[in-house]
Amino acid sequence: MTDSKYFTTTKKGEIFELKAELNSDKKEKKKEAVKKVIASMTVGKDVSALFPDVVNCMQTDNLELKKLVYLYLMNYAKSQPDMAIMAVNTFVKDCEDPNPLIRALAVRTMGCIRVDKITEYLCEPLRKCLKDEDPYVRKTAAVCVAKLHDINAQLVEDQGFLDTLKDLISDSNPMVVANAVAALSEIAESHPSSNLLDLNPQSINKLLTALNECTEWGQIFILDCLANYTPKDDREAQSICERVTPRLSHANSAVVLSAVKVLMKFMEMLSKDLDYYGTLLKKLAPPLVTLLSAEPELQYVALRNINLIVQKRPEILKHEMKVFFVKYNDPIYVKLEKLDIMIRLASQANIAQVLAELKEYATEVDVDFVRKAVRAIGRCAIKVEQSAERCVSTLLDLIQTKVNYVVQEAIVVIKDIFRKYPNKYESVIATLCENLDSLDEPEARAAMIWIVGEYAERIDNADELLESFLEGFHDESTQVQLQLLTAIVKLFLKKPTETQELVQQVLSLATQDSDNPDLRDRGYIYWRLLSTDPVAAKEVVLAEKPLISEETDLIEPTLLDELICYIGTLASVYHKPPSAFVEGGRGVVHKSLPPRTASSESAESPETAPTGAPPGEQPDVIPAQGDLLGDLLNLDLGPPVSGPPLATSSVQMGAVDLLGGGLDSLIGGTNFVAPPTAAVPANLGAPIGSGLSDLFDLTSGVGTLSGSYVAPKAVWLPAMKAKGLEISGTFTRQVGSISMDLQLTNKALQVMTDFAIQFNRNSFGLAPAAPLQVHAPLSPNQTVEISLPLSTVGSVMKMEPLNNLQVAVKNNIDVFYFSTLYPLHILFVEDGKMDRQMFLATWKDIPNENEAQFQIRDCPLNAEAASSKLQSSNIFTVAKRNVEGQDMLYQSLKLTNGIWVLAELRIQPGNPSCTLSLKCRAPEVSQHVYQAYETILKN
């Protein structure tokens, strides 16, 4: 009879019966009783009252009974710590039992009893077991050290268990080695700074020897440990690769992926000219292909990892396109992932096969899959120029099927093809126009409108087509409304005589009848452009558009390098570093690929080419120079109409007035909605002068909570230009929040009330995070100080100069405009410290032409003082060294929009000038970062 009978009884008074049975003299009765206790415990009954009776049963030779008692003990020791101490003697005895299974069982249970009182009693038995003659006991004891470290780290270190654990790496038994490595890795993860796994060529050799003989999970622990090692040169890297390669043919997919991780990491150190490099590439393909014959869930994990591998080294799988062809019975998540990899592997050699396959997919029944397949055809056209014509004709065939969602996706991708290959395939526009009525999705409607506006001169009835969209203007989504506005303005500039009524109609719909601020702003800008300078309007709206890039969804290179180090883990499935989803940051260590060695490139000089791809082929993932803050191409907004406003000049109403008109109605009257005030301390918006100002004088910068430099207040808006209102101010950053500290002075003869403030779109999305609160009316000759919290989630538009901020302030008298330049260091965030490996890899990765050099004169600080001064403004020193008497500080900072800037500051003791070299993927910020350095160091 099976043990299920123990789970069926639910009598009352059972505890007393069990108590009697547990104290019975008969062994069989005792065993039955313990089984009943365990069954009750398993279904959630509280049987802790039987603790002393169950513990008495520990004195037995019967292994099965001992296991059951230990199971009970693990469960209830935490709630009954005083009783659990009774069991200590038995543990000590069991650790010296002649049967190794009992010794191991005692050690394993000791590690699972998480009671502080007991831990110190367990040290002696554990020490004996770590040196036990039986490998089974030693391997169990090794894991017990990691468990004990989790309960009381100090105790483990004091007792010298970590050194014993390190000695076990040299053990003769491979399973003991594997468990020692696993335990040390676990402990090292919770203490990233401690150098526990001090790997050297000798210990690596021992690990590689154990690798061939231990169990599959043991192999994974050893391979993961190897992946954290950095070989001293390419010969050692090659030797390790040769000994790891046989693991690629293992039956367990986790072992295969761990081996792939080690090889991908060490390949970074091998020269591409080596014969072995080519051999290794060929050996990596078959195991990855084999993973795709597993069950769907494993296939998905394999595909997510392959996606990373293909981005890093497409040459590994370039001949294996067929295995990524979709099978009819694949689940949708596998199909979509395969499709993604097919596009990444598409090249001139296999494009015919890929297109035939994609055309087939476009006739499937699964709507999501079909949509992605149609998009894939468009991506192929953009990626492989020679195939563009075939792709376009395939898309036209699909449009002829008249299947609604197929037609809509096809139109969206044809828009991108027009952007990539201008003046090539415009003959298909007529076919697209035939399907205008069937479009009901915003993205497809917006794409079609863009095509009609862009090629209005080739479409005879362009005005009628756009007019048909205009009829339901208010029911359209914002995306469609914005495209329609731009398209009609383009049409007007190309055919002014026929479309004057149409453009007036759309401009009034956008500005007067709409409450969407983006739409209104764009409407007002077009209206002003057309009314003041039609020639300038033509230059702005019909400007030459840059071509779009091939791969828009590549992972950023430094992140890709980090993810390659996490192949076979959750990070490789999410395509996010562990720090993004592991709470509390425990055990999260930033990893990066090893630098290339001297035989291929010098690892020392930061001037080397980016790792991975040759210099000429590095994919442009981060927006390029002319495109700093996201793709503003579709906005058709050129540079600001006039020259850059001066730092403190007031912008006259009649001049450029970018905000005018629209802003009056935005701020005045009922339409003005204050931004949400969440996440901003209530007192920050209040005028200073309350009790808070005594503690932290938020305006002067003396008492700011972090020591970030605050510039003295400057007059931004003189009273003579603002009907008596004078505004002075400065910007501060403290504890991660930015504020604009304003001083409003009333120099007029009347009282001022109803204050409100608004910013124009700017390069970093600065916007007020709360309304401008002036609690009492501002009487003549009165001054009030206000700290206005700012956020960086507003609308973005690249300004000239980059740190220009255009502000509108409204009161009961009028709306006033001024512009000011904010210091860039208010945007330096607190988590801007990069680790050394990442710093070196990123420095190499950024092209040399992005490096800028500046001289900072009259700055007599030494390296220590400069470093601490800069750190208080969130410029962090990553490393420091002395070269030929010069102090070199390597520093990193991060802007609120995620752009990293790397710096090298050279200070010559005794010389008042220092040299600053800056490297950044968006070089236009360098000049402003230099100004921030100069400001911070000199004040």
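Residues numbered from 1 in each chain as written. Predicted model: local features only at pLDDT ≥ 70, side-chain atom pairs only at ≥ 80, totals over all residues. Heavy atoms only, no water.

A. View of the overall build of the protein chain. Secondary structure summary: the protein chain contains 37 helices and 13 strands in total. For the protein chain, buried positions account for 53% of its 939 residues. In the protein chain, the proportion of contacts linking residues at least 24 apart, taken out of those at least 6 apart, comes to 69%. Accessible surface, the protein chain as shown: approximately 41,300 Å² in total, 52% of it carbon and sulfur. (Helix = DSSP H or I, 4+ residues; strand = E, 2+ residues; numbered from the N terminus. Buried < 20%, exposed > 50% of the residue type's maximum accessible area, 1.4 Å probe, protein only. Contact = heavy atoms within 4.5 Å. Areas by Shrake-Rupley, 256 points an atom, 1.4 Å probe, with all protein chains shown as cover.)

B. Representation of the packing of aromatic side chains within the structure. The full count for this structure, using the stated rule, is 11 aromatic pairs. A ring pair is formed by tyrosine 574 and phenylalanine 581, whose centres lie 4.8 Å apart and whose planes are at 85°; its orientation type is edge-to-face. Classification of tyrosine 574 by relative accessible area gives partly exposed; the value is 44%. The rings of Trp716, Phe731, Phe818 and Tyr822 are connected pair by pair, giving a single aromatic cluster. For the cation-ring pair, lysine 335 lies above phenylalanine 369, with the distance from its terminal atom to the ring centre recorded as 5.2 Å. (Phe/Tyr/Trp six-rings, centres within 6.5 Å; stacked < 30°, edge-to-face > 60°. Lys NZ or Arg CZ within 6 Å of the ring centre and 35° of its normal.)

C. Spotlight on the pattern of salt bridges. Enumeration according to the criterion identifies 36 salt bridges in this entry. When the shortest N-O distance is used, the salt bridge between lysine 128 and glutamate 96 registers 2.6 Å. Of the two residues, lysine 128 is situated in helix H8 (residues 116-130) and glutamate 96 in the loop between helix H6 (88-94) and helix H7 (100-112); the sequence distance between them amounts to 32 residues. Between glutamate 726 and lysine 747 there is a salt bridge whose closest N-O contact spans 2.9 Å. Linking glutamate 726 in strand E2 (residues 725-734) with lysine 747 in the loop between strand E3 (737-746) and strand E4 (756-759), this pair joins segments that are 21 residues apart in sequence. (Salt bridge = Lys/Arg side-chain N within 4 Å of Asp/Glu carboxyl O.)

D. Region of the structure containing the packing of helix H22 (residues 388-400) against helix H23 (residues 404-420). The N-to-C vectors of H22 and H23 enclose an angle of 155°; their axes lie 9 Å apart at closest approach. By the angle class used here, H22 and H23 are roughly antiparallel. The element H22 and its partner H23 pack so that their crossing is left-handed. Residues Val392, Leu395, Leu398 and Ile399 of H22 form the contact with H23, whose own contacting residues are Val406, Val407, Ala410, Val413, Ile414 and Ile417. (Axes fitted to C-alpha atoms, helices over the stretch in contact; angles between N-to-C directions. Parallel < 35°, antiparallel > 145°, perpendicular 65-115°, else oblique. Left-handed = near helix turned anticlockwise from the far one by under 90°.)

E. Structural view of the sheet that holds strand E6 (residues 783-791). Ordered in space as E1-E2-E3-E6-E5, the five strands form an open sheet in which the pairing is antiparallel. The sheet is open, and its two edges are formed by strand E1 (714-717) and strand E5 (767-768), each paired on a single side. Sheet analysis places E5 next to E6, joined by two bridges and oriented antiparallel. For proline 768, the partnering residue across the bridge sits in E6 and is leucine 790. (Pairing = 2+ DSSP bridges.)

F. Local environment of unusual backbone geometry. Note the cis peptide between glutamate 800 and proline 801, where omega equals -5°. In this structure, proline 801 sits in the loop between E6 and strand E7 (804-810). The backbone of lysine 723 shows a phi angle near 50°, a positive value even though the residue is not glycine. Within the fold, lysine 723 resides in the loop between E1 and E2.

G. Structural detail: the confidence of the model for the protein chain. Mean pLDDT over the protein chain: 80, with 85% of residues reaching 70 or higher. Between the elements of the protein chain, mean pLDDT differs from a low of 31, seen in helix H34 (residues 692-695), to a high of 93, seen in E5. Taken as a whole, residues 598-706 scores under 50 in pLDDT and shows 216 contacts with residues more than four places along the chain or in a different chain. (pLDDT = per-residue confidence, 0-100.)

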